[in-house]
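# Per-entry structural report
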Amino acid sequence: MVGIVVVSHSERAAEGIAEVAAEMAGDARIESVGGDGKGGIGTVPDAIEAAVEAAAGGDENEADPGA
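A brief structural summary. (Residues numbered from 1 in each chain as written. Predicted model: local features only at pLDDT ≥ 70, side-chain atom pairs only at ≥ 80, totals over all residues. Heavy atoms only, no water.)

### Regarding the overall build of the protein chain
- A count of helices and strands for the protein chain gives two helices and two strands.
- Taken from the N to the C terminus, the helices and strands of the protein chain come in the order β-α-β-α.
- Within the protein chain, counting contacts between residues at least 6 apart in sequence, those at least 24 apart form 62% of the total. (Helix = DSSP H or I, 4+ residues; strand = E, 2+ residues; numbered from the N terminus. Contact = heavy atoms within 4.5 Å.)

This is how it looks when you write it as structure tokens:
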């Protein structure tokens, strides 16, 4: 399983890029994360970490370390 995380300073940009990528991704998990969590421009490290975990399968014990 392949996981892709789209990170942007803009939540809308991250969502749009993830939407386009999903058209080509097949079975890959795609997570988008962006914005400052309050509707503004920025990033939130905890949100990025959660998106990476979700793209990896949601549980680090389930993730294939070689994937």
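Picking up after the structure, the text goes on.
### Observations concerning the environment of Ser32
- When you line up the elements, Ser32 lands in strand β2 (residues 29-34).
- Judged by relative accessible area, Ser32 falls into the partly exposed class, the value being 31%.
- Ser32 sits 14 residues away from Ala18 along the chain, and the two C-alpha atoms are 6.0 Å apart.
- When sequence neighbours within four positions are dropped, the list of residues in contact with Ser32 reads Val6, Ala14, Glu15 and Ala18. (Buried < 20%, exposed > 50% of the residue type's maximum accessible area, 1.4 Å probe, protein only.)

### Focus: the environment of Gly16
- As for its position among the elements, Gly16 is in helix α1 (residues 11-22).
- Taking the C-alpha atoms as reference, Gly16 lies 8.7 Å from Ser32; in sequence the two are 16 residues apart.

Purely geometric numbers; function is a separate question.
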